[in-house]
Amino acid sequence: MGHPNVLYGIIPYCYKIYLCCMQLSKNFSLAEMTKSVTAKRLGIDNTPNEQQIEYLRELCANVLQPLRDELGPILITSGLRVPELNKAVGGSGTSQHCALNGAAADIDMDAKNTEVFNYIKDNLVFDQLIWEFGSKECPDWVHVSYNYGKNRGQVLRAVKQNGKTKYLNYES
Ligand SMILES: [Zn+2]
């Protein structure tokens with residue numbers, strides 16, 4: 001009989017190797033959706049559980065992959081953030097980046113952000129789509145979430161007012 005402490009170390013390690021290779025859709029891997037330099041820097045374990053993986057898979061299948069098929073390679077700057085990581089980056093306490101009620105991704109394609117935003121808004125099913133700051137012409141990045149069976153199709157614009165973030169209804 002081996003020492004049980006050895007197993008406690010090995011099982012999470014194997015789980016992480018297994019997750020490293022997991023593909024969520026044709027062009028999106030779990031590694032891409034969980035990557036975070038902040039998590040590495042702060043030593044936060046950003047490993048998702050099975051339910052979170054399922055939410056991420058639905059986001060990829062229904063939003064990110066169709067977007068990629070239409071516009072070509074998509075740059076995800078933030079996908080999953082476990083609650084500890086979300087707190088560290090100053091995310092909202094109810095952020096869908098935590099993948100506890102659907103899942104969310106931030107996309108930053110610079111000058112192409114408006115095209116990304118409009119394509120999602122006009123063609124895809126989503127829970128929340130946010131034009132994040134930027135100008136009238138182009139957002140700094142695009143936030144999109146998907147929550148199977150509970151998609152609200154809500155379109156918002158994030159602005160800074162007196163140093164605080166406000167979410168306004170998006171009016172094109
Ligand atoms: Zn976001």
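See the structure shown above.
Computed from a predicted model, the values in this text were never measured in an experiment.

So, how was this worked out
Residues numbered from 1 in each chain as written. Predicted model: local features only at pLDDT ≥ 70, side-chain atom pairs only at ≥ 80, totals over all residues. Pairing = 2+ DSSP bridges. Helix = DSSP H or I, 4+ residues; strand = E, 2+ residues; numbered from the N terminus. Axes fitted to C-alpha atoms, helices over the stretch in contact; angles between N-to-C directions. Contact = placed C-beta atoms within 7 Å. Core = buried A, V, L, I, M, F, W, Y, C linked by C-beta atoms within 7 Å. Buried ≥ 20, exposed ≤ 12 C-beta atoms within 10 Å, placed from the backbone.

Peer 1: Please provide a residue-by-residue account of the pairing of strand β3 (residues 128–132), values included.
Peer 2: Pairing analysis gives five bridges linking β3 to strand β4 (residues 141–146), with the strands arranged antiparallel. When the bridges of β4 are listed, glutamine 128 appears paired with serine 145. Across five bridges, β3 lies against strand β5 (residues 154–161) in parallel orientation. Counted as the bridge partner of glutamate 132 is alanine 158 from β5.

Peer 1: Talk me through the sheet that holds β4; I want residue IDs and the actual numbers.
Peer 2: Taken in spatial order, the six strands line up as β1-β2-β4-β3-β5-β6 in an open sheet, and their pairing is mixed. For this open sheet the edge positions go to β1 (76–78) and β6 (164–169), each flanked by a neighbour on one side alone. Ignoring which end each strand starts from, the neighbouring axes of this sheet average 30 degrees apart. Sitting on the sheet, helix α6 (residues 113–123) is in contact with β2 (103–107), β3, β4 and β5, with an inclination near 25 degrees to β4.

Peer 1: If you had to explain the nonpolar core to someone new, which residues and values would you point to?
Peer 2: Formed by 34 residues in total, the largest nonpolar core has its most connected members in Leu56, Leu59, Val63, Leu64, Ala103, Ile120 and Val144. Breaking this core down by element, the ones donating at least two residues are α2 (30–34), α4 (50–71), β2, α6, β3 and β4. Examining the composition of this core, we find that eight residues originate from one element, α4, more than from any other.

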